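# Understanding the architecture of this molecule
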Amino acid sequence: MHDIWNPWHGCVKCSEGCRHCYMYFLDSVRDRNGADIYKTSSGFTYPVQKNRNGSYKIQNGELIRVCMSSDFFLEEAD
Ligand code: SF4
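We now turn to the structure provided with this report. Nothing here was measured: the structure is a model prediction, and the numbers come from that model.

Neighbouring residues of the ligand: Cys-11, Val-12, Lys-13, Cys-18, Cys-21, Tyr-24, Ser-70 and Asp-71. Classifying every residue of the shell around the ligand by side-chain character gives five nonpolar, one polar and two charged.

Encoded structure:
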């Protein structure tokens, strides 16, 4: 497991299963609002970004966790 790729952050509570959402909890601890949806600084291009030596930050075949702080199906995440 290499890393986490969060293209955007924030989400909309849409079901009973969202009641104890860890992202909302962690945002509240950091005095943020989990309902604020925005692109992250690593952005959408992270999987193709390279290090200074020219190699990809994410190596071929590595597993990464994706979209840990949001949902792929948000209208705001177009
Ligand atoms: S991140 Fe998951 S649990 Fe949290 S509000 Fe979005 S869909 Fe619900």
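Along the polypeptide, Ser-70 turns up in the segment after strand E4 (64-66). Within the structure, the side chain of Ser-70 is placed 2.7 Å from the side chain of Trp-8, a separation counted as a polar contact. Here the side chain of Ser-70 touches Gly-10 through a polar contact of 2.6 Å, landing on its backbone oxygen. Residues contacting Ser-70, with those up to four places away along its chain left out, are Trp-8, His-9, Gly-10 and Cys-11.

On to the nonpolar core, then. The biggest cluster of nonpolar side chains holds seven residues, and these are Trp-8, Cys-11, Met-23, Tyr-24, Cys-67, Leu-74 and Ala-77. Setting aside anything within four residues of it in sequence, one finds Tyr-24 in contact with Cys-11, Val-12, Lys-13, Asn-33, Gly-34 and Ala-35.

Turning our eyes to something else, we now look at the pattern of salt bridges. On inspection of all chains with the given rule, the structure shows one salt bridge. As a salt-bridge pair, Glu-16 and Arg-19 come within 2.4 Å of each other at their nearest N and O atoms. A relative accessible area of 54% places Glu-16 in the exposed class. Judged by its relative accessible area of 53%, Arg-19 falls in the exposed class.

Here the focus is helix H1 (residues 22-29). Within the sequence span of H1, burial applies to Met-23, Tyr-24 and Asp-27. Buried residues of H1, seen end-on, are gathered within an arc of 100 degrees and therefore sit on one face of the element. Exposed residues pointing more than 90 degrees away from the buried face of H1 are listed as Phe-25 and Val-29. Buried residues in H1 make contact with strand E2 (8-9). At the exit of H1 stands Asp-31, carrying a positive phi of roughly 60 degrees.

Applying the stated criterion across every chain yields a total of three aromatic pairs. Pairing Trp-5 with Phe-44 gives two aromatic rings, centres 5.6 Å apart and planes at 70 degrees, and the pair type is edge-to-face. With Trp-5 in strand E1 (residues 3-5) and Phe-44 in the loop between strand E3 (38-39) and E4, the pair connects residues that are 39 residues apart, well separated along the chain. In this structure Phe-44 comes out as exposed when scored by relative accessible area, which is 59%. Note on Trp-8 and Phe-44: the rings are 6.3 Å apart at their centroids and 15 degrees apart in plane angle, and the pair reads as stacked.

Rules used throughout
Residues numbered from 1 in each chain as written. Predicted model: local features only at pLDDT ≥ 70, side-chain atom pairs only at ≥ 80, totals over all residues. Heavy atoms only, no water. Near = heavy atom within 4 Å. Nonpolar A, V, L, I, M, F, W, Y, C, P; charged D, E, K, R; others polar. Helix = DSSP H or I, 4+ residues; strand = E, 2+ residues; numbered from the N terminus. Polar contact = N/O pair within 3.5 Å; in protein donor to acceptor, adjacent residues only side chain to side chain. Contact = heavy atoms within 4.5 Å. Core = buried A, V, L, I, M, F, W, Y, C linked by side-chain atoms within 4.5 Å. Buried < 20%, exposed > 50% of the residue type's maximum accessible area, 1.4 Å probe, protein only. Salt bridge = Lys/Arg side-chain N within 4 Å of Asp/Glu carboxyl O. Arc of directions from axis to C-beta. Phe/Tyr/Trp six-rings, centres within 6.5 Å; stacked < 30°, edge-to-face > 60°.

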